Amino acid sequence: MVMSSPPLSPPADPQTSVTPTPPPLGAGGFLRWMWRQLTSMRTALILLFCLAIAAIPGSVLPQRGTDPVLVQEWIDNAPTWGPVLDRLGFFDVYAAPWFAAIYLLLFISVIGCVLPRTMHHIRALRTNPPPAPRRLERLAEYRRFELSTDSDLSTAGQSTVTLDAVASDLKSRRWRVSRGDNEHGGWVAAEKGYSRETGNLLFHAALIFLLLAISYGAIFGWRGNVIVREGGGFSNTLTQYDAWGGGRLVSGDALDPFSITLTDFKVEFERDESQRGSPLLFEADVIVQPAPGEEEFTDVIRVNEPLSLDGAKVFLVGHGYAPRMIVRDAEGRAVYDDASIVLPQDGNQTSIGVIKAPDALPQLGFQSLFLPTAAVDNVRGPHSVFPDADDPAMFVSAWIGDLGLDNGVPQSVYRLDTETMTQIGLEAMRPGDVWDLPDGVGSIEFVDVQRWASFQIAHDPGKEPALIAAGVALVGLMLSLFVKRRRVWVRTSQTDSGATVVEIAALARHDEADLADDVNAVQATAEGGAR
Amino acid sequence: MTSASLAEWSNAAVYASMVVLTLSMVAFAVNFSARGTRGTQRSATVTTAMPIAVAVGAGGNEPVASPVAEVIDDPRGRRAGNIGLALAWLAFGLLLLGTTLRGVWAGRVPWGNMYEYSLSSAVAILGVYLIWSTRRDLRFLGLLVTGATLLTLGLAVTVLYTEAAQLVPALKSWWLIIHVSAAAVCGGAFTVAAAMAGLYLWRERAERKNSVTGSVAKLPTASKLDMMTYRILAFAFPLWTFAVIAGAIWAENAWGRYWGWDPKETWAFITWVIYAGYLHARATAGWRGRRAAYIALLGWVSFLINYFGVNLFVNSLHSYAGV
Ligand code: HEM
């Protein structure tokens, strides 16, 4: 940039002073000083970096919102630091007060920055570009040339014709133009690219609306997860969810009372050698009842094709197996009889699960490794080689003792706390097998294999406004980065010999712009218009 | 052609590309170390390779701001640079072929796992550089860019190579295709910008110490490097914004929420915030130049953490290697 302070920069420019001024005395002065500091560009910059840094711990530490069990384990394993971090909100970073403080300050800063700039911009949109500075030759893009004398026109006439031609040409190319005359000739001043600032303001304002939309969705929305076995179903009430979270103003008792039955879950995997095992199809056939007493209808939910109901959308998010197991105690009583959900660990659905039979005496627990298509090798041990249930097998390890369910600590149903238990055996089983446990403590039967599908059900009234805000932000951003805001001046004067001299100069507010094309166009018009 | 041989052809093209790229890197290294400087001396063999600044009238070529910035290579160095560029184009073609064949073999877009994603990233880095180099003389950047591309490919074929081409149906979405391709192009642009910012810091230090000699003298001036870093980031930032929005739309469609602070999303956000910081820094007195360049490097580090760290070490919904 040639000039240290280009005339185009608005007075309400982000305060760019390098050394902050000290706070003045007096309450009013102090407040005003605080406000200026908060809305300065440097503060915005620092707050942006604070936001980036503050977001990091949430990606490293387990978070309550996604995995509360893991959080509890983490805290238990770090007795000194765990509770401290917990109290400071490190296991729920994005809801922590200090995280909110940063982005709220940032947004106050944005508002404090955008409002005065908007006022200034509106004023700028209504004023005409000012006349040329006296010394045009100091600007980066500057040309000076004499017009060939024209016998039909006086010098003054030639100047007027030239400037008129330039002005009307610029106007037709949507420049804002002002025009003036002086004793030696005249001038045209033109400005273009106001949408750069408009876009910038739009962008910052859209960010504020984005935050509002997100908050609106968080306050009035809810989301739950549920695993449904084939043939099973669920209705939209709090108790049926495996996990549920709602906004502050959502009552869990007043959810839309739809219900869904999973009639069939279809999966298909590629069997061709090169891509063996890659999934081709996940499809959940469901029967939906929008509300009790209303007519049922059937639907198919696929990944990326959720089911849209009035109050919520139902998404297919996962699938797996549920081998049906029957556990009998020493007396032959069935203390467990259910399709037990196992959780996939890899692409071939090598899955692990846990069965707890607290009613057996003594209590029984089983860890299972379920393999839809079983294989065993020396390196990887037992594993599955294909995700479909071609050749299912299960490795079951049996434990006896205290399941630890009575001490009040919440336990995952997918994890066996073996601290107070002893292992009594390990067995490989196929569907139909019955394993009589050692010492006659009971038996376990592997009946058959079913599937499960997991659904996420969500209601977010803020997402459409959020999308609109994000779209506006993107458009504003592109305007603000790609539009060149620039001024062009054309001035005529006379030489001593009576010829008309034309000077053209251009200036951009930002140093990235290349103004040669604009000046070339103006020069062509000036030369053409005088002829 | 059987699918097995398609995969083999893909691998062969990738390896061939790496060989050509290595030669290209050597040529760029010669170009860089050969004697001759930009601007500080004038000799008779000069300037024909560069668009000459057009003073008045006819536009066309991008005018070079000041004659001091003109390239004054010795002929040997210039030839090496041209060879490097030509080889880089050849390597780019081979890489594009390899990546496309991989996609044809898999019957889908070639980013189902980290191996394929690395191939696409390498295409993006090299592509951004080469396309930009059609508009400017960027031979000084060739060494770093070919190096970064080779490193990406090296990691891809050694550490990340996977035969199994798993593609969960979750990836069958137009939004995801848009999201990933935009992110890959951004990755290329961020990498090129980081290389540029690194060179800026080197050159700026030399200018400050008044010791612009040797290889550093072959670089454009610090203020030009700063400007070019800005240009590429001003292109990449809206694209990154768009990539994040597209990702959110797809996440809403597939998982039922558009934002969940999943580690991948978190680092995408951090990266976005850092580059927003970069743009603000350039508009703030006292933060231009050196500090802005450090921020550009920081943004790139954050992008890399998102790419490698989150895919390999963190349990994220985005870890497609398995599930
Ligand atoms: C949520 C926080 C913010 C974000 C994400 C953000 C983002 C951005 C981005 C991406 C740009 C680049 C567009 C351009 O260069 O024209 C920008 C420009 C700008 N921002 Fe912000 N901004 C934030 C807060 C603020 C605040 C608090 C201020 C007031 C001090 C501010 C003032 C500006 C100004 C004046 C520009 C134009 C810079 C230029 O001359 O290029 N921003 N902002």
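Basis of the calculations
- Residues numbered from 1 in each chain as written.
- Chains lettered and ligands numbered in written order.
- Predicted model: local features only at pLDDT ≥ 70, side-chain atom pairs only at ≥ 80, totals over all residues.
- Heavy atoms only, no water.
- Core = buried A, V, L, I, M, F, W, Y, C linked by side-chain atoms within 4.5 Å.
- Buried < 20%, exposed > 50% of the residue type's maximum accessible area, 1.4 Å probe, protein only.
- Helix = DSSP H or I, 4+ residues; strand = E, 2+ residues; numbered from the N terminus.
- Contact = heavy atoms within 4.5 Å.
- Donors = N, O, S within 2.8 Å, 3.2 Å for Na, K, Ca; no water.
- Tetrahedral: all angles 85-135°; square planar, octahedral: opposite > 155°, others 65-115°.
- Salt bridge = Lys/Arg side-chain N within 4 Å of Asp/Glu carboxyl O.
- Pairing = 2+ DSSP bridges.
- Axes fitted to C-alpha atoms, helices over the stretch in contact; angles between N-to-C directions.
- Buried area = accessible area lost by both parts, 1.4 Å probe.
- Polar contact = N/O pair within 3.5 Å; in protein donor to acceptor, adjacent residues only side chain to side chain.
- Domains from an automatic or database assignment.
- Near = heavy atom within 4 Å.
- Nonpolar A, V, L, I, M, F, W, Y, C, P; charged D, E, K, R; others polar.
- Phe/Tyr/Trp six-rings, centres within 6.5 Å; stacked < 30°, edge-to-face > 60°.

To continue, consider the nonpolar core. Of all hydrophobic cores here, the largest spans 116 residues; its most connected members are Y129, F140, L141 and W240 of chain B. Of all the elements, helix 5 (residues 174–208) of chain B adds the most residues to this core, at 17 residues. W240 of chain B has contacts with A183, C186, F190, A268, T271, W272 and F303 of chain B, leaving out every residue within four places of it along the chain. Listed in part, the 28 residues of the second largest apolar core include V228, L309, A312 and V314 of chain A.

We now examine the coordination of the iron atom of the ligand. Taken together, H204 of chain A (NE2) and H280 of chain B (NE2) make up the protein donors of the iron atom of the ligand, found 1.9 to 2.0 Å from the metal. Note that the iron atom of the ligand binds six donor atoms; their angles at the metal cover 82 to 178 degrees, and the shape is octahedral. Of this pair, H204 of chain A sits in helix 8 (residues 195–220) while H280 of chain B sits in helix 7 (residues 263–282), placing the two residues on different chains. One exposure class covers both H204 of chain A and H280 of chain B, and it is buried.

The next point concerns the pattern of salt bridges. In a structure, side chains of opposite charge can pair up when their charged atoms sit close to one another. Residue and element names in this part refer to chain A. Applying the stated criterion across every chain, the model contains 33 salt bridges over all chains. R179 is the partner of D181 in a salt bridge, and the nearest nitrogen-oxygen pair spans 3.5 Å. A salt bridge links R328 to E445, with the shortest nitrogen-to-oxygen separation between them at 3.3 Å. Of this pair, R328 sits in strand 11 (residues 313–329) while E445 sits in strand 21 (residues 442–459), and the two are 117 residues apart along the sequence. Classification of R328 as partly exposed rests on a relative accessible area of 26%. When salt bridges that share partners are traced, they join K266, E283, D285, R302 and E305 into one network.

Residues and elements named next belong to chain A. Reading across the sheet, the five strands line up as 1-23-22-3-2 and stay open at both edges, with antiparallel pairing between neighbours. The sheet terminates laterally at strand 1 (141–146) and strand 2 (176–182), the two strands that pair on one side only. Strand-to-strand twist of the sheet, defined as the mean angle between neighbouring strand axes without regard to direction, takes the value 10 degrees. As paired strands, strand 3 (residues 185–192) and strand 22 (residues 486–494) are joined by seven bridges and run antiparallel to one another.

With that settled, consider the interface of chain A and chain B. Contact residues are listed per partner, giving 56 residues for chain A and 61 residues for chain B. Where chain A abuts chain B, roughly 4800 Å² becomes buried across the two surfaces, and 66% of that area is made up of carbon and sulfur atoms. One can count two salt bridges joining chain A with chain B. One salt bridge connects E252 of chain B with K313 of chain A, and the closest N-O pair in it is separated by 3.3 Å. Linking chain A to chain B there are five residue pairs in polar contact (both at pLDDT 80 or more).

Domain boundaries assigned for chain A yield domain 1 (32–124), domain 2 (140–193 + 486–529), domain 3 (219–319 + 456–474) and domain 4 (322–449). Averaged C-alpha coordinates put domain 1 of chain A and domain 2 of chain A at centres separated by 52 Å.

With that settled, consider the site of the ligand. Looking at the ligand, there are 22 residues lining it, with S109, C113, H204 and S480 of chain A together with H280 of chain B nearest. More than one chain reaches the ligand: its neighbouring residues belong to chains A and B. For the shell around the ligand, the secondary-structure elements that each account for two or more residues are helix 2 (41–55), helix 6 (97–126), helix 8 and helix 9 (463–482) of chain A together with helix 7 of chain B. Here the element with the most residues in the shell around the ligand is helix 6 of chain A; it accounts for five residues. Looking at the shell around the ligand, its residues break down into 14 nonpolar, seven polar and one charged.

Counted according to the given criterion, the structure contains 26 aromatic pairs over all chains. Aromatic pair F370 of chain A and F446 of chain A: ring centres 6.4 Å apart, planes at 75 degrees, arrangement edge-to-face. With F370 of chain A in strand 15 (residues 363–371) and F446 of chain A in strand 21, this pair connects stretches of sequence that are 76 residues apart. Comparing F370 of chain A with F446 of chain A shows no difference in burial state: the two are buried. An angle of 15 degrees between the planes, with centres 4.2 Å apart, marks the rings of F190 of chain B and Y275 of chain B as stacked. With a gap of 85 residues between them, F190 of chain B in helix 5 and Y275 of chain B in helix 7 connect regions that are remote in the sequence. Residue class for F190 of chain B comes out buried when judged on its relative accessible area of 1%. Each residue in the set Y94, F99 and Y103 of chain A together with W259, W261 and F269 of chain B is aromatic and connected to the rest through ring pairs, giving one cluster.

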